[in-house]
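Coordinate analysis (summary)
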Amino acid sequence: MMSRNVKRVLVDQGSSADVLFWDTFVGLEVPSDRLQSFDGVLVGFTGDEIEIRGYVELKTTFGTGTSMKTITVKYLVVNSPSSYNILLGQPSLNRLKAIVSTPHLKVKYPLDGGGIGTIEVDQQVSRKCYQDSMKKRRTSKVVGPPYQVQFLDLDPREDFPKDRPQPVEDLKNVTIAPGKLAINPRVKPVVQKRRKFGEDKRKAIRQEVEKLLSASHIREIQYPTWLANVVMVKKSNGKWRMCVDFTDLNKVCPKDSYPLPNIDCLVDGALGYKLLSFLDAYSGYNQIRMHPCDEEKTSFIADIANYCYKVMPFGLKNAGATYQRLMDKVLVHMMG
């Protein structure tokens, strides 16, 4: 490329563009008048947008000796820090008609005069690029507010339209054993020390407790043997989600190894059908009642009182297995 031997090239079969980093563009001494304007941005898999300075078409030779093959590649020139000089994506690989073998660390492509060209990966250079990228990641710390984990908004109990669609057929009750916690009776119960919250979190806790009480999902309890704190998590929309810290309770509960669905089998089962229907399991875990003797074990500390769940809450170790067992029983005549 430009009569230069360029190393540190990343082959990315998932990239929709060929990228030439600005430092490499300057180092190759490409004439500035060859840089054409480009109307658009480059979006990474995290959703971050990277400004594109333009694009340039360069003749690029792959391989050495008898494996040489030259094609014209349209590179997007970006000013972004990287431990690589060039990123080769789908456009250049398709034009080269290359086959990338990750296990063999080789790239093979047909030559114009017949035969097969081969490029082998330099493992030392690859390892050096990885180490350099890790150094850049450690040194590029962003100054700002403390890092906070953002959980996906998977709980549809809030902000759901009031005009929720109603079933058009009669509902049928399905009997299933209540959620039972298999706790060793010799294990000593754990009462967590109460945590302090700011006024905004306390207000969110009171609102969530009122919702759970109105839905008859919880009840007030006195003299609990197990007691957990609530954890307030900031959602993507800026509101608070109230979770219960069942860490101590989950430690003494054996895991229920009920088989969960295999995603590959589900995808294969949908093959050949014209329509795909989805079932909205609204607050699915809360549709299963807790065993009466285990309700008090789900106790948690709210703002002005202690409460326990009458239905299976989110956060229990075996909630997923219990819910899947219920779905298998409800849909037993519909499942293949």
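Everything below is about the structure printed above this text.
Summarised in this report is the structure supplied together with it. These numbers were taken from a predicted model, which means no experiment stands behind them. (Residues numbered from 1 in each chain as written. Predicted model: local features only at pLDDT ≥ 70, side-chain atom pairs only at ≥ 80, totals over all residues. Heavy atoms only, no water.)

This part takes up the overall build of the protein chain. Secondary structure summary: the protein chain contains seven helices and 14 strands in total. A burial count over the protein chain gives 32% of its 336 residues as buried. Long-range contacts, defined here as pairs at least 24 residues apart, represent 68% of the contacts in the protein chain between residues at least 6 apart. Of the accessible surface of the protein chain, which amounts to about 23300 Å², a share of 54% is contributed by carbon and sulfur atoms. (Helix = DSSP H or I, 4+ residues; strand = E, 2+ residues; numbered from the N terminus. Buried < 20%, exposed > 50% of the residue type's maximum accessible area, 1.4 Å probe, protein only. Contact = heavy atoms within 4.5 Å. Areas by Shrake-Rupley, 256 points an atom, 1.4 Å probe, with all protein chains shown as cover.)

Pairing within the open sheet is antiparallel, and its three strands lie in the order β10-β14-β13. The strands lining the two open edges of the sheet, one partner per strand, are β10 (218-220) and β13 (300-301). Helix α4 (residues 199-214) contacts β10, β13 and β14 (306-309) of the sheet and is inclined by roughly 105° relative to β10. (Pairing = 2+ DSSP bridges. Axes fitted to C-alpha atoms, helices over the stretch in contact; angles between N-to-C directions.)

For the rest of this paragraph, the subject is the pairing of strand β5 (residues 69-78). Burial within β5 is extensive, with seven of its 10 residues counted as buried. Here strand β2 (residues 18-21) runs beside β5; their pairing, made up of four bridges, is parallel. Along β5, the bridge assignment pairs Phe 21 with Val 78. Alignment of strand β4 (residues 49-62) against β5, held across 10 bridges, turns out to be antiparallel. Paired with Leu 58 across the two strands is Val 73, which belongs to β5. Counted along the chain from β4 to the antiparallel partner β5, the turn is six residues long, and its residue Gly 63 has a positive phi close to 80°.

For the rest of this paragraph, the subject is the sheet that holds strand β8 (residues 106-110). Across the sheet, which stays open at both edges, the three strands sit in the order β7-β8-β9 with antiparallel pairing between neighbours. The open sheet has two edge strands with one neighbour each: β7 (99-101) and β9 (116-120). Across this sheet, the average inter-strand angle for adjacent strands is 20°, counted without regard to direction.

Summed over all chains, the structure comprises 11 salt bridges. The residue Asp 245 makes a salt bridge to Arg 195 at a minimum N-O spacing of 2.9 Å. With Asp 245 in the loop between β12 (240-244) and α5 (247-251) and Arg 195 in the loop between α3 (123-139) and α4, the pair connects residues that are 50 residues apart, well separated along the chain. The class of Arg 195 is partly exposed, set by a relative accessible area of 36%. Asp 303 is the salt-bridge partner of Arg 202, the closest N and O atoms lying 3.1 Å from each other. (Salt bridge = Lys/Arg side-chain N within 4 Å of Asp/Glu carboxyl O.)

Time to look at the packing of aromatic side chains. Under the definition given, this model contains four aromatic pairs. Taking 5.5 Å as the distance between ring centres and 40° as the angle between the ring planes, the aromatic pair formed by Phe 300 and Tyr 309 counts as tilted. The exposure class of Tyr 309 is buried, given its relative accessible area of 5%. Among the aromatic residues, those joined into a ring-pair cluster are Phe 300, Tyr 307 and Tyr 309. The lysine or arginine in question, Arg 53, covers the ring of Trp 22, its NZ or CZ lying 4.1 Å from the ring centre. We note Lys 234 situated over the ring of Trp 240; from NZ or CZ to the ring centre the distance is 5.0 Å. (Phe/Tyr/Trp six-rings, centres within 6.5 Å; stacked < 30°, edge-to-face > 60°. Lys NZ or Arg CZ within 6 Å of the ring centre and 35° of its normal.)

On the surface, Ile 263, Leu 266 and Val 267 cluster together into a nonpolar patch covering about 300 Å² of accessible area. Summarising the element assignment, Ile 263 is placed in helix α6 (residues 263-269). (Patch = residues over 30% accessible without salt bridge, like charges linked within 9 Å, V, L, I, M, F, W, Y side chains within 5 Å.)

Here we take up helix α7 (residues 319-330). Its 12 residues place the ends of α7 17 Å apart at the C-alpha level, agreeing with the 16 Å of an ideal helix rising 1.5 Å per residue. What α7 keeps buried is the set Ala 319, Ala 321, Thr 322, Tyr 323, Gln 324, Leu 326, Met 327 and Asp 328. (Expected span 1.5 Å × (residues − 1).)

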